[in-house]
Amino acid sequence: MADDTTQTSGEAKGEDILGIFSAKAAAAAAGAQASSRTMWGDAWKRLKRNKLAMIGMVWIGFVIVVALTADLWVPGTLGSPTETDSATMAQNSRLAPSLEHPFGTDTLGRDVLCRVIYGSRISLAVGVLATAISTALGLVMGALAAYYGGVWDTIIMRLADIFLAFPYTLFVIAMLAVIGPGIQNVFIAIGILGWPSIARVFRSAILTVKENDYVDAARAMGASDARIIARHIFPNSVAVIVVYATMNIGSAILTEAALSFLGMGVQAPNPSWGIMIQDGATYLATQPWLMIMPGLAILTTVLAFTLLGDGLRDALDVKMKDA
């Protein structure tokens, strides 16, 4: 009888020990899973659930792939986007969309789809480069204004007010009138004149986080201002900049198209969506595809960046973080 009691007690202790080890293992696994979750990982999970944002991302990826690989297949399939053949120009001029020319042909007999594809290169390049320039300037100016405050804040914000007081497109046109038209000058002008809005957004984000305890602790430990901004303030403010920069790419594409339409941007015979719309406006009543096709390219691409930016805004919102 005593042996049975001793055996039962030993089995109970063994089960308790196994239970403790199981609980510790489960806690360790839960801790490892929690530690592996990052802000960007959680944001990606939420972004994948946003169907419109994913559609925008897929379309942007498709446009980028087509633009980058155009030299490999477009000339042999659709022809040159700039060269014309005087012998066949008359018979190929303004042909309606067909299997041979899915988007039709323009006045000079060039394939419209070919020019739309090569035009996407210019639009994406201007959008990305101009946004990169404006974002870099805006981050520097916004950081100086918010972190140091005082005179720096007053000077930078009043300068931003001066820039924002002028109509944006007219300001870009005026700058291009000074430095001259051309693709390089377009993204320089758009980038330089686009910094005030970025600076204001980044300034607001910094003001929200710069008085937190971890910033005070870093300052008390002797960290330099540059280190505090780069290691502590910027990572906690970058989410709003990512969202704003993504949407700004679409705005830069629209601005480039408007400038090219007015003759201040890309110069013929280089393909640009704005130039194609300008050329096709004359024939809107008779050959509408000349204007509709590049217009659809602008619409879908800008809409894709807007949907992606809107999805990133929701995905990076900490208030929406999964429990």
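Preceding this section is the structure that the text describes.
Residue indices follow the written sequence of each chain, beginning from 1 at its first position. Local features are withheld for residues below a pLDDT of 70 in this predicted model, meaning they are given only at 70 or higher, and side-chain atom pairs are given and counted only at 80 or more; totals for whole chains, interfaces and linings count all residues. By convention in this description, side-chain values take in all heavy atoms of the structure and omit both hydrogens and water.

### Re the overall build of the chain
Turning to step 1, where the next piece is worked out: By definition, any uninterrupted DSSP run of H or I lasting at least four residues is a helix, any uninterrupted run of E lasting at least two residues is a strand, and each is numbered from the N terminus. Check the secondary structure of the chain and you find 15 helices and 0 strands.
Turning to step 2, where the next piece is worked out: Three exposure classes are used, based on accessible area relative to the maximum for each residue type with a 1.4 Å probe and protein chains only: buried under 20%, partly exposed in between, and exposed over 50%. Buried residues in the chain amount to 39% of all 323 residues.
Turning to step 3, where the next piece is worked out: By definition in these notes, contact holds between two residues if any of their heavy atoms fall within 4.5 Å. Residue pairs in contact within the chain that sit at least 24 positions apart in sequence constitute 72% of those at least 6 positions apart.
Turning to step 4, where the next piece is worked out: The Shrake-Rupley method, run with a 1.4 Å probe, gives the accessible areas here. Residue values count only the displayed protein chains as cover. With the model as given, the accessible surface of the chain reaches about 17500 Å², and the carbon-plus-sulfur share is 67%.

### What to know about unusual backbone geometry
Turning to step 1, where the next piece is worked out: With an omega of 10 degrees, the peptide bond running from Ala268 to Pro269 counts as cis.
Turning to step 2, where the next piece is worked out: Here Pro269 is to be found in the loop between helix H13 (238-261) and helix H14 (273-281).
Turning to step 3, where the next piece is worked out: In the Ramachandran plot, Arg94 falls in the positive-phi region, its phi being about 50 degrees despite a non-glycine side chain.
Turning to step 4, where the next piece is worked out: Of note, Arg94 is situated in the loop between helix H5 (89-92) and helix H6 (112-148).

### Some points on the side chain of Asn248
Turning to step 1, where the next piece is worked out: Relative to the assigned elements, Asn248 resides in helix H13.
Turning to step 2, where the next piece is worked out: Judged by its relative accessible area of 16%, Asn248 is buried.
Turning to step 3, where the next piece is worked out: Once you skip the residues sitting within four places of it in the chain, Asn248 turns out to touch Thr131, Ser134 and Ile198.

### Here's the deal with the packing of aromatic side chains
Turning to step 1, where the next piece is worked out: Only Phe, Tyr and Trp rings are paired, with Trp represented by its six-membered ring, and only when their centres lie within 6.5 Å; those with planes under 30 degrees apart are stacked, over 60 edge-to-face, the remainder tilted. Counted according to the given criterion, the structure contains 5 aromatic pairs.
Turning to step 2, where the next piece is worked out: Relative to Tyr148, the ring of Tyr147 lies with its centre 5.2 Å away and its plane at 90 degrees, an arrangement referred to as edge-to-face.
Turning to step 3, where the next piece is worked out: Tyr147 gets classed as buried once you look at its relative accessible area, which sits at 10%.
Turning to step 4, where the next piece is worked out: The class for Tyr148 is partly exposed, based on a relative accessible area of 42%.
Turning to step 5, where the next piece is worked out: Centroid distance Phe163 to Phe171: 5.7 Å. Interplanar angle 40 degrees. Geometry classified as tilted.
Turning to step 6, where the next piece is worked out: In this structure an aromatic cluster arises from ring pairing among Phe163, Phe166, Phe171 and Trp195.

### Description of H6
Turning to step 1, where the next piece is worked out: Across its 37 residues, H6 extends 53 Å between first and last C-alpha, which sits within 8% of the 54 Å expected from 1.5 Å per residue.
Turning to step 2, where the next piece is worked out: N-capping of H6 is provided by Asp111, with a side-chain oxygen placed 3.0 Å from the backbone N of Leu113.
Turning to step 3, where the next piece is worked out: Looking one or two residues beyond H6, the residue adopting positive phi is Gly149, at roughly 60 degrees. Expected helix span is taken as 1.5 Å per residue step, with the number of steps being one fewer than the number of residues. Here a polar contact is taken to be a pair of N or O atoms separated by no more than 3.5 Å, where protein atoms must pair a possible hydrogen donor with a possible acceptor and residues adjacent in sequence count only if both atoms sit in side chains.

### What about the environment of Ala132?
Turning to step 1, where the next piece is worked out: For Ala132, the location among the structural elements is in helix H6.
Turning to step 2, where the next piece is worked out: Remark: the alpha-carbon pair of Ala132 and Asn248, spanning 116 residues in sequence, is separated by 9.7 Å.

### Re a nonpolar patch on the surface
Turning to step 1, where the next piece is worked out: Patch membership needs two things, relative accessible area over 30% and no salt bridge, and members are linked within 9 Å if like-charged or within 5 Å if nonpolar (Val, Leu, Ile, Met, Phe, Trp, Tyr). A pairing counts as a salt bridge when a side-chain nitrogen of Lys or Arg comes within 4 Å of a carboxyl oxygen of Asp or Glu. A surface patch of nonpolar side chains, about 390 Å² in accessible area, is lined by Leu137, Val178, Ile179, Ile188 and Ile192.
Turning to step 2, where the next piece is worked out: For the nonpolar patch, the secondary structure elements donating two or more residues are helix H8 (168-179) and helix H9 (183-193).

### Observations concerning helix H12 (residues 225-233)
Turning to step 1, where the next piece is worked out: Along H12, the residues classified as buried are Ile228, Ile229 and Ile233. The buried residues of H12 all sit within an arc of 95 degrees when viewed along its axis, so they share a single face. With respect to the buried face of H12, the exposed residues turned more than 90 degrees away are Ala226 and Arg231.
Turning to step 2, where the next piece is worked out: Among the structural elements, H6, helix H10 (195-209) and helix H11 (213-220) are those in contact with the buried residues of H12. This arc is taken over the directions from the axis of the helix to the C-beta atoms.

### Notes on the packing of H6 against helix H15 (residues 289-315)
Turning to step 1, where the next piece is worked out: Look at H6 against H15: their axes get within 10 Å of each other, and the N-to-C directions meet at 35 degrees. You can see that H6 and H15 cross each other, and the crossing is right-handed. The segment H6 lies against H15, with Val112, Val116 and Leu124 engaging Leu290, Met293, Pro294, Ala297 and Phe305.
Turning to step 2, where the next piece is worked out: Residue polarity is assigned by list, with Asp, Glu, Lys and Arg as charged and Ala, Val, Leu, Ile, Met, Phe, Trp, Tyr, Cys and Pro as nonpolar; anything else, Gly included, falls into the polar class. Across the contact of H6 with H15, the residue classes tally to 8 nonpolar, no polar and no charged. The axes are straight lines fitted to the C-alpha atoms, using for helices just the contacting stretch, and the angles between their N-to-C directions are given from 0 to 180°. When the near helix sits turned anticlockwise from the far one by under a right angle, the crossing is termed left-handed; a clockwise turn instead gives a right-handed crossing.

### Side note on the packing of helix H7 (residues 150-165) against H10
Packed helices, taken two at a time, are described by the angle their axes make and the gap between the axes.
Turning to step 1, where the next piece is worked out: Closest axis-to-axis distance for the H7/H10 pair is 9 Å, and the angle between their directions is 140 degrees. When the axis of H7 is compared with that of H10, the two are oblique. Considering only the axes of H7 and H10, their crossing is left-handed. Facing Asp153, Ile156, Met157, Leu159, Ala160, Asp161, Phe163 and Leu164 of H7, the residues of H10 in contact are Trp195, Pro196, Arg200 and Arg203.
Turning to step 2, where the next piece is worked out: Partitioning the contact of H7 with H10 into residue classes produces 8 nonpolar, no polar and 4 charged. Oblique is the label for any angle not covered by the other classes, which are roughly parallel (under 35 degrees), roughly antiparallel (over 145) and roughly perpendicular (65 to 115).

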